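These are the residues of each chain, in order.
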Number of protein chains: 4
Amino acid sequence: MSICEFPDTQDKQPDMPLSLTKVGVTGVKKLLKIKRDEKRPIILLPTFDAYVDLPSTQKGVHMSRNPEAISEIIDEAVNEPEIHIETLCAHLVKRLLEKHEYATRAETEARGEYIINKLSPVSNKKTQETTQIIARAVATKDDNGDIHVQKMIGAEVIGMTVCPCAQESIIKDSKEKLLEFLDEETVEKVIDSVTFASHNQRGRGSILLEVSENQDVNVEDLINIIQDSMSSPVCELLKRPDENRIVTNAHKNPVFVEDCVRNMTSGILEKYSNLPDSSMVTIKQVNEESIHQHNAFAQKNASLGQLRKEIYGDE
Amino acid sequence: MSICEFPDTQDKQPDMPLSLTKVGVTGVKKLLKIKRDEKRPIILLPTFDAYVDLPSTQKGVHMSRNPEAISEIIDEAVNEPEIHIETLCAHLVKRLLEKHEYATRAETEARGEYIINKLSPVSNKKTQETTQIIARAVATKDDNGDIHVQKMIGAEVIGMTVCPCAQESIIKDSKEKLLEFLDEETVEKVIDSVTFASHNQRGRGSILLEVSENQDVNVEDLINIIQDSMSSPVCELLKRPDENRIVTNAHKNPVFVEDCVRNMTSGILEKYSNLPDSSMVTIKQVNEESIHQHNAFAQKNASLGQLRKEIYGDE
Amino acid sequence: MSICEFPDTQDKQPDMPLSLTKVGVTGVKKLLKIKRDEKRPIILLPTFDAYVDLPSTQKGVHMSRNPEAISEIIDEAVNEPEIHIETLCAHLVKRLLEKHEYATRAETEARGEYIINKLSPVSNKKTQETTQIIARAVATKDDNGDIHVQKMIGAEVIGMTVCPCAQESIIKDSKEKLLEFLDEETVEKVIDSVTFASHNQRGRGSILLEVSENQDVNVEDLINIIQDSMSSPVCELLKRPDENRIVTNAHKNPVFVEDCVRNMTSGILEKYSNLPDSSMVTIKQVNEESIHQHNAFAQKNASLGQLRKEIYGDE
Amino acid sequence: MSICEFPDTQDKQPDMPLSLTKVGVTGVKKLLKIKRDEKRPIILLPTFDAYVDLPSTQKGVHMSRNPEAISEIIDEAVNEPEIHIETLCAHLVKRLLEKHEYATRAETEARGEYIINKLSPVSNKKTQETTQIIARAVATKDDNGDIHVQKMIGAEVIGMTVCPCAQESIIKDSKEKLLEFLDEETVEKVIDSVTFASHNQRGRGSILLEVSENQDVNVEDLINIIQDSMSSPVCELLKRPDENRIVTNAHKNPVFVEDCVRNMTSGILEKYSNLPDSSMVTIKQVNEESIHQHNAFAQKNASLGQLRKEIYGDE
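Cut-offs and rules
- Residues numbered from 1 in each chain as written.
- Chains lettered and ligands numbered in written order.
- Predicted model: local features only at pLDDT ≥ 70, side-chain atom pairs only at ≥ 80, totals over all residues.
- Heavy atoms only, no water.
- Least-squares fit on C-alpha atoms with pLDDT ≥ 70 in both.
- Contact = heavy atoms within 4.5 Å.
- Helix = DSSP H or I, 4+ residues; strand = E, 2+ residues; numbered from the N terminus.
- Buried < 20%, exposed > 50% of the residue type's maximum accessible area, 1.4 Å probe, protein only.
- Salt bridge = Lys/Arg side-chain N within 4 Å of Asp/Glu carboxyl O.

1. Quick word on the relation of the copies chain D and chain C
Superposition record for chain D on chain C: RMSD 0.0 Å, screw rotation 180°, translation along axis 0.0 Å. Those values place the two copies in the arrangement expected of a two-fold rotation axis. Distance from the rotation axis, computed per C-alpha, reaches its smallest value in chain D at Asn 301 of chain D: 11 Å. Of the residues that chain D buries at the interface, 100% are likewise interface residues in chain C, meaning the two copies contact each other through the same surface.

2. Quick look at the environment of Thr 195 of chain D
All names here are of chain D. One can find Thr 195 in the loop between α4 (184-193) and β8 (200-211). Assessed through its relative accessible area of 10%, Thr 195 is described here as buried. In this structure, the C-alpha to C-alpha distance between Thr 195 and Asn 295, residues 100 residues apart in sequence, is 25 Å.

3. So, the environment of Val 190 of chain D
Take Val 190 of chain D: it is sitting in helix α4. Owing to a relative accessible area of 0%, Val 190 of chain D belongs among the buried residues under this scheme. The sequence separation of Val 190 of chain D and Leu 209 of chain D amounts to 19 residues, and the corresponding C-alpha distance is 44 Å. With sequence-adjacent residues up to four places away left out, Val 190 of chain D is seen in contact with Leu 178, Phe 181, Leu 182 and Val 190 of chain B together with Leu 178 and Leu 182 of chain D.

4. Comments concerning the pattern of salt bridges
Residues and elements named next belong to chain C. In this structure the tally under the stated criterion is 104 salt bridges over all chains. In this structure, the salt-bridge partner of Glu 72 is Lys 99, at a minimum N-O distance of 2.8 Å. In this pair, Glu 72 sits in helix α1 (residues 65-77) while Lys 99 sits in helix α2 (residues 85-99), placing the two residues 27 residues apart along the sequence. The partly exposed category is assigned to Glu 72, whose relative accessible area is 24%. Using a relative accessible area of 18% as the deciding quantity, one classes Lys 99 as buried.

Right under this line is the structure:
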């Protein structure tokens, strides 16, 4: 017996016949470069979690196969002309089922920062903005040994939200004061000419969308939908006229945390009319309220079919 | 119209007929003192999230009612002879449905640190250990206006885990070397006398358990079940003989991340034979591997009924 | 030789004659109850770091003496009629020097949340606000064996800041539009009647102040100084008239990140005229800008003597 | 007066003649690609803080010049054949002094993950490991207008540490048991053949080193020095023989938290004999103890000159 034949403790029978829902690794960080036709490659530093289920007859998974599968899939991606991160996750869950012959379900999630380039709104200065992207995939093996893959892609983006309720009460206050020395018609003209205060803050919108196995969505479209759902985008580099523009525009477009979710919903329905009714989506907004230490929160979980029915009705 | 009659922007009709899954506040921190018969009161600094659903006919929730409900419930708890945190959460979701007359579902979660007192294992020095506790409740209003409440209580505890697989390979190596100058019988006696190395690390076990509305479980029982599922408890104050005892005991009791989940499962089934088959439970272990930067992870999600069937069979 | 006589590896001579600046423990969490005359006790859950220096002749510190010293000091504090957290830290560093006879310098820091009760500004609803407090102490043994103790107390508080620069440009815009249909005098009256928009956000002000060994400052005074230095305090529970009041007041009091530091400075100089010129202070403000993903930052490090000279001149 | 001439609120005189130590931005994230001769480019996603001092005569800094300077320096770096991150920081502080003509001191810090490729120790599998790097620079303008730049480069690396003290007590225990049935000489041979248990854990070593303005150090050298100072490197991908090798080697090389600092110190002195005595260095080790919830900590702050004197004596 050679020193290299190490005991396989994992293949032993466990004392207790309990199957496990998921077993694996969390927090595996990887540098990933995605080639794109005629565009600059995308650089990602995503963190992977990767799991399989474990039958009641097996003491442990062969844990090292999970980081190994992640490495392999990433190495192979280098040869692809272009690959979406959710498709890479789909490849990974299929590889996990190959490597863990005892498993019937594999799951993975990759999260990382995605840098986008943009211009400041008035001065047109070049700037980089940071968004978070997330991709998930699940593979299940049915009784015939056929493998079904589900994949999801999502993003989280920071923007600015202005509270409509506080602004209304500020306008009402000002109106009362103005009526003391101006007539109603002039007051209305004044109100149209002024940008009234409210509280405003960093908001974080996010979408996580299920896509079909052979379909890809461009994550930058999701980022745009999220960004456009708030009172205004933010920007890392703002000269004074840019700052003025953002503050003015944001206050002309005040939104509740609930409105952000509604705006993201209509953005998704418009952009993804090709996705099936069965696609699940999670739409979420968190506002880091400037008047509180706590946050405001709103969320919608539904299938695209349910959303279409709620918004467009039974046509 | 007086200045105090502020406009109610939230009650307006939204532009888009979309109901929302949950709307509310996250990150509301509270100081909470729970009286207990003949024991020292429990001090908690929990952080609350609290949500309701929103019908498609309402533009926004009245957000301030959520921190208000949290404040009221905590003020009222002061008058209780003793109250469990999950019951406090159950009171809170019922209050939320009262305050938001348009809502049909309310949900809350409270998380915080729970300090326990214990003694070091050999020197019997007094020490404090920090655990995390979590409580959740959901209230749903059915078509008859009846309210149904679901509540959950959980904990997360840090302990020490020793890898059985690495230890087996270390024993095998040593055995080969010992057989070069000792006979097999003596080698077996040597192996029984020696504490062999492995890698070991901080593990974090957690349980989240559904309990019936009129039932309470003692969260310290959950903490004990989690602590006993790892190779050894940890301790903030260890003199040299304590440290020796913990390292020795842990290495006599090596466990995989999967074993921790199995041990917690059997601990739950033994302790909570009175809880119904329908109670859902999430059992999770994360090991902060000392040989990797990533973590090992195992999880079981099931009802107590499913667990009983898997472990005890169809009796 | 009994099994309880464990080897003292730490007392050995190291291979390399290198003294160490500080050696100890970080992240020791404790529950601490501080009695106060005629007031409710203060509950804290602070996290302690505690270090000593190590001479070049000693391989290691006796690490367990640090959590032991923390436990002892906290147990003894229970018998005090009232004790400030920075004084507790001062006791701790002296105890550390007693326990580590080879050390000439001991250092500790305690950080934790401090909950204050307050009322919402208009509706007078009771609410709890979370602040962070920090205490530090350093003890040094001089060549005669005399021990000198330095202690510091500080706090970090969240408030709301409104940008003066963006507001000025918004006012300028509005003025230009108003002058198209109103005369200059009326425009000035309009401007006085209106609350103009700006960007506003969560700010975090903090002060860390050195106090004499036999002096105590009330940390709630520091909290008030910080809170009053921003455009407005925040509040966890705000009914509509409260929200209106806070937004209005904040926009009447716009401040740069630099102004917050100036305001805290003048607050400190007024309140602590009794503290010596040699007291060091760090004054810091971080604004979580609502128009950017990054934060704005300002800091002043100086002795009270330097501050007095800068502000009041050489009188 | 055109709408583009925005008011310059920052240039106003403040109400209070207080100079500020540093004012600027924190948390500016950038994607950065560094070309290298004949090697793969380095990809970094660093986060920048950038500050200047503010004289008592100026109300505020022109904050947008800081993210603008960061953008410019990074854009210009694309044209460099190869640039070290600390040199990029040095360029940045000089640019900050140009842009803020009222400032006499500028400071920056960049932190980010740095991915290194390596092979697992026995199976030679390719793997990626994540380290943290940090760079700092400070520029000061003297009375003649001459600018002096100080720059620092550092890294933080995760490794495995085995406690020598617990291992010694475990060996002592085993020895006593072995002496019951074996003679002393055989017991010594047994001890040489066995890998004894201890507690072991993730350790985080870090070095921050001042370098001369025209000198560059290779950050990978720092990473190697840190990695080699612990009981063993960790590795994201370990097959069973790799795991055995790492556990065995680590237990043959037990180190206290203090030893790690000593080992890093001697590594630095050997590698950087060319750096001047005046170079300051901070050397730090944090062990995430597997037997406690708290961490063990050791630190040395000194100049290279002081270190050389302590270790080599006055030669």
